[in-house]
Amino acid sequence: MDKNFYSWIPILSRKLVIGEKLFCDADINNFEKLFISNKMLLSDRRFDRLFNRKHKVSYGRINFRECEECGEKILHLSLNVLNWKGEILVDGDAWIHESGLTKYKVSYPENDCLERVLHILVRDALHSHVHHSSDLPLPPIEAKNGDEAKKSILFEYLRKFVEYKRMIGKVRLKDAIEDIARARGEIVYANSFYDTFRERLADCSDLVSSFKSFDKSFMILEKRLSDRLHLVPPYILVSLSALILFLSLFRESERFPQWIIPLKTISLYWYWPVYAFLLTIFLYFITEAVIIWFFRVR
Ligand SMILES: [Zn+2]
Ligand SMILES: [Zn+2]
């Protein structure tokens, strides 16, 4: 049995319209133009790192045809990643549906799961991020056919949201808020994916309602965290004011009336509690601000 890997490229569906039309249509008929104009494909630091040196991506054998499975128009593309000597590092094929569903097959090297590389190459050419600067890559899924792949991809989205939730608890507040924004952007994609293949995913409506509850909990968390983040400037202000007040009082302490409460061994000045109060305010609010800014969410 042939090993096939599938993934999805959001922008190709041309159904993903949020509010005003934020997405530029990536028409697969203009594919060639897209590839030539996309500098990322020629020199991408991420791939340079992956392949450990400068590399070049080329594509060939482009043709359009109808998918034998679903009848949709597909673009068949063969992709090569070459090093500077022109030796092939990765050789593979992508079959891109108009709906964005894409099948990948790597013919060289074998057994390396480099379908992910092909997916990132194709996706970056056709999809521009709107909600976020980057995302957790949706790894290509092994499936027998397109229909099986659609279900697995939807499940993969669910897995991703669980992963986002886990991630958010492990990073600083500021980063957590960014991650939540990314996660919520991807929920939009996941819903769009479901809408695009609704007939094939009829028995997955439970999954889609769980996307909704994920979105809701991300929204609540985002609100809570950003409220907390907004406390940092006023906290710093309060603590600095307390410090300044303390320092200016301290300088003047000789001029204060010297009322003393004599105890057995020491003398208590009346203004010491005032100093203690101001210093406590300073320490409390500065500590809170530091914790909010530098420490993890949970
Ligand atoms: Zn198909
Ligand atoms: Zn994106």
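Predicted, not measured: the structure shown is a model, and the values here were computed from it.

Asker: Which residues make up the pattern of salt bridges, and what values go with them?
Answerer: Pairing between side chains of opposite charge can happen when the charged atoms of each approach one another. Evaluation of the coordinates by the stated rule reveals 14 salt bridges. Of the charged contacts in the structure, one is a salt bridge between Asp147 and Lys150, with a shortest N-O distance of 3.5 Å. Taken together, the positions of Asp147 and Lys150, both in helix H4 (residues 146-168) and three residues apart, correspond to about one turn of that helix. Looking at Asp147, the relative accessible area reads 32%, which means it is partly exposed. One continuous salt-bridge network, built from bridges that share partners, spans Asp147, Lys150 and Arg200.

Asker: Can you break down the coordination of the zinc ion (ligand 1) residue by residue, with the values?
Answerer: Here the zinc ion (ligand 1) is held by the protein donor atoms Cys67 (SG), Cys70 (SG) and His97 (NE2), which lie 2.1 to 2.2 Å from it. As a motif over one chain, the donors of the zinc ion (ligand 1) read C-x2-C-x26-H. Judged by relative accessible area, which is 13%, Cys67 ranks as buried.

Asker: Can you tell me about the nonpolar core, naming the residues and giving the values?
Answerer: One finds Ile153, Leu154, Tyr157, Phe161, Phe193 and Phe218 to be the most contacted residues of the largest nonpolar core, which totals 40 residues. Contributing elements (two or more residues each) for this core: strand E1 (5-8), H4, helix H5 (173-196), helix H6 (205-229), helix H7 (232-251) and helix H8 (272-294). Here this core takes ten residues from H5, the largest share from any one element. What Ile153 contacts, discounting residues up to four positions off in sequence, is Tyr6, Ser7, Trp8, Leu101, Leu138, Ile141 and Phe193.

Asker: Give a detailed account of a nonpolar patch on the surface, specifying residues and quantitative values.
Answerer: Taken together, the side chains of Ile261, Leu263, Ile266, Leu268 and Trp272 define a hydrophobic patch exposed on the protein surface, amounting to about 460 Å² of accessible area. Positionally, Leu268 belongs in strand E8 (residues 267-269). Residue class for Leu268 comes out partly exposed when judged on its relative accessible area of 31%.

Asker: Residues and numbers for H6, please.
Answerer: Look at H6: 36 Å from first C-alpha to last across 25 residues, which is about the 36 Å you get at 1.5 Å a residue. Taken as a whole, H6 has its buried residues at Leu207, Val208, Ser210, Phe211, Phe214, Phe218, Leu221, Leu225 and Leu229. Next to the buried residues of H6 lie H4, H5, H7 and H8.

Asker: Just give me the short version of the pairing of strand E5 (residues 101-108), but keep the residues and values in it.
Answerer: Across four bridges, E1 lies against E5 in antiparallel orientation. Looking at E5, one finds that Phe5 is bridged to Tyr104. Connecting strand E4 (residues 88-97) to the next strand, E5, in antiparallel fashion are three residues, including Gly100 with a positive phi near 105 degrees.

Asker: If you had to explain unusual backbone geometry to someone new, which residues and values would you point to?
Answerer: Along the chain, Tyr108 connects to Pro109 via a cis peptide bond; the corresponding omega equals -10 degrees. Along the chain, Pro109 falls in the loop between E5 and helix H3 (115-126).

Asker: How would you summarise the packing of aromatic side chains if you had to cite specific residues and measurements?
Answerer: Any two aromatic rings considered together are summarised by their centre-to-centre distance and by the angle between their planes. All told, the structure shown has 16 aromatic pairs when counted by the stated rule. On the basis of an interplanar angle of 90 degrees and a centroid distance of 5.0 Å, the ring pair of Tyr284 and Phe285 is categorised as edge-to-face. By relative accessible area, which is 46% here, Tyr284 ends up partly exposed. By the ring-pair criterion, three or more aromatic residues cluster together here, those being Trp8, Tyr157, Phe161, Phe193, Phe197, Phe211, Phe214 and Phe218. If you follow Lys103 out to its NZ or CZ, it ends over the ring of Trp95, 5.0 Å from the centre.

Asker: Outline the packing of H4 against H6, listing residues and values.
Answerer: Orientation of H4 relative to H6, taken along the N-to-C sense of each, is 20 degrees, at an axis distance of 11 Å. One finds that H4 runs roughly parallel with respect to H6. In terms of crossing hand, the pair formed by H4 and H6 is left-handed. On the side of H4, the interface is formed by Leu154, Phe155, Tyr157, Leu158, Phe161, Val162, Tyr164, Lys165 and Ile168, while H6 contributes Leu207, Val208, Ser210, Phe211, Phe214, Ser217, Phe218 and Leu221. A class-by-class count of the residues in the contact of H4 with H6 yields 14 nonpolar, two polar and one charged.

Asker: Describe H7, listing the residues and the values that go with them.
Answerer: When the terminal C-alpha atoms of H7 are compared, their 29 Å separation across 20 residues agrees well with the 28 Å that a helix rising 1.5 Å per residue should span. Among the residues of H7, Val232, Tyr235, Ser239, Ala242 and Phe246 are the ones counted as buried. Projected down its long axis, H7 carries its buried residues within an arc of 105 degrees, all on one side. Exposed and oriented more than 90 degrees from the buried face of H7 are Pro233, Leu237, Ile244 and Arg251. If you follow the buried residues of H7, they end up packed against H6 and H8.

Asker: Talk me through the packing of H4 against H5; I want residue IDs and the actual numbers.
Answerer: Where H4 meets H5, the closest approach of the two axes is 10 Å, and the angle between their N-to-C directions is 165 degrees. Taken as axis vectors, H4 and H5 run roughly antiparallel relative to one another. The chirality of how H4 crosses H5 is left-handed. The segment H4 lies against H5, with Lys150, Ile153, Leu154, Tyr157, Lys160, Phe161, Tyr164, Met167 and Ile168 engaging Ala176, Asp179, Ile180, Arg182, Ala183, Glu186, Ile187, Tyr189, Ala190, Phe193 and Tyr194. By residue class, the composition of the contact of H4 with H5 is 15 nonpolar, no polar and five charged.

Cut-offs and rules
Residues numbered from 1 in each chain as written. Chains lettered and ligands numbered in written order. Predicted model: local features only at pLDDT ≥ 70, side-chain atom pairs only at ≥ 80, totals over all residues. Heavy atoms only, no water. Salt bridge = Lys/Arg side-chain N within 4 Å of Asp/Glu carboxyl O. Helix = DSSP H or I, 4+ residues; strand = E, 2+ residues; numbered from the N terminus. Buried < 20%, exposed > 50% of the residue type's maximum accessible area, 1.4 Å probe, protein only. Donors = N, O, S within 2.8 Å, 3.2 Å for Na, K, Ca; no water. Core = buried A, V, L, I, M, F, W, Y, C linked by side-chain atoms within 4.5 Å. Contact = heavy atoms within 4.5 Å. Patch = residues over 30% accessible without salt bridge, like charges linked within 9 Å, V, L, I, M, F, W, Y side chains within 5 Å. Areas by Shrake-Rupley, 256 points an atom, 1.4 Å probe, with all protein chains shown as cover. Expected span 1.5 Å × (residues − 1). Pairing = 2+ DSSP bridges. Phe/Tyr/Trp six-rings, centres within 6.5 Å; stacked < 30°, edge-to-face > 60°. Lys NZ or Arg CZ within 6 Å of the ring centre and 35° of its normal. Axes fitted to C-alpha atoms, helices over the stretch in contact; angles between N-to-C directions. Parallel < 35°, antiparallel > 145°, perpendicular 65-115°, else oblique. Left-handed = near helix turned anticlockwise from the far one by under 90°. Nonpolar A, V, L, I, M, F, W, Y, C, P; charged D, E, K, R; others polar. Arc of directions from axis to C-beta.

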